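# Structural features, examined
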Amino acid sequence: MSQNTAEPRVVYEGKYQRMLVRGTWEYSERTHAGGLAAIIIAVTPDDEVLFVEQFRVPLQARTIEMPAGLVGDIDAGESIEVSAVRELEEETGWTADQAEVLMIGPTSSGASSEKIAFVRATGLRKVGDGGGDASEDITVHSIPRQRAAAWLVEKMGEGYELDAKLWAGLWMIEHHLDGRPRG
């Protein structure tokens, strides 16, 4: 059996993640929620893109991200769309009438088995303050869509860590996956 298909060996298991070795490969996987997260692409009725800012322990830095969260971490039977709307509301104080899964793919295929679903949220309404749950300290940013990329570059210059998926999310606001413009 090749090193890529050998049975994995668990070398560490925590509450939320485990570390595996398969042949010469070392990688992590989530121990709950099916290893799937959702990143929510949300534009308000005033044409503002929603971003969240928070301190991320692994980076020891503040980050700018699109709202995101684990699928099924509250209710194992929860769909991607329901999880995405729940996370959007929890983190930003906005809810959505509809959520559409645009694509699912790996987040860091050389280091983790985790996958992420890009979810487009539409029909947004403000219903609260956001800020996350009791374990989170999230700042919500609503940035005019036409200025969003420039604002992100400014934040990089200020020393924030930026999730590279932000630019994919911005592209998906205006395009279908095959490159056609959204009407």
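Residues numbered from 1 in each chain as written. Predicted model: local features only at pLDDT ≥ 70, side-chain atom pairs only at ≥ 80, totals over all residues. Heavy atoms only, no water.

In this model, the protein chain carries a mean pLDDT of 92, and residues with pLDDT of at least 70 account for 97%. Confidence, read as mean pLDDT per element, is least for strand β3 (residues 25–30) in the protein chain (88) and greatest for helix α2 (residues 148–157) (98). (pLDDT = per-residue confidence, 0-100. Helix = DSSP H or I, 4+ residues; strand = E, 2+ residues; numbered from the N terminus.)

This part is about the pattern of salt bridges. Throughout the structure, instances matching the rule amount to 15 salt bridges. Residues E78 and R86 are paired through a salt bridge, measuring 2.8 Å at the closest nitrogen-oxygen approach. Since its relative accessible area comes to 15%, E78 is described here as buried. The network of salt bridges with common partners includes D73, E78, R86 and E87. (Salt bridge = Lys/Arg side-chain N within 4 Å of Asp/Glu carboxyl O. Buried < 20%, exposed > 50% of the residue type's maximum accessible area, 1.4 Å probe, protein only.)

Running from N to C, α2 and helix α3 (residues 165–174) point in directions that differ by 170°, and their axes come no closer than 11 Å. Considering their axes alone, α2 and α3 lie roughly antiparallel with respect to each other. Packed against α2, whose contacting residues are A148, A149, L152, V153 and M156, the element α3 presents L166, W167 and L170 at the interface. Residues belonging to the contact of α2 with α3 are distributed by class as follows: eight nonpolar, no polar and no charged. (Axes fitted to C-alpha atoms, helices over the stretch in contact; angles between N-to-C directions. Parallel < 35°, antiparallel > 145°, perpendicular 65-115°, else oblique. Contact = heavy atoms within 4.5 Å. Nonpolar A, V, L, I, M, F, W, Y, C, P; charged D, E, K, R; others polar.)

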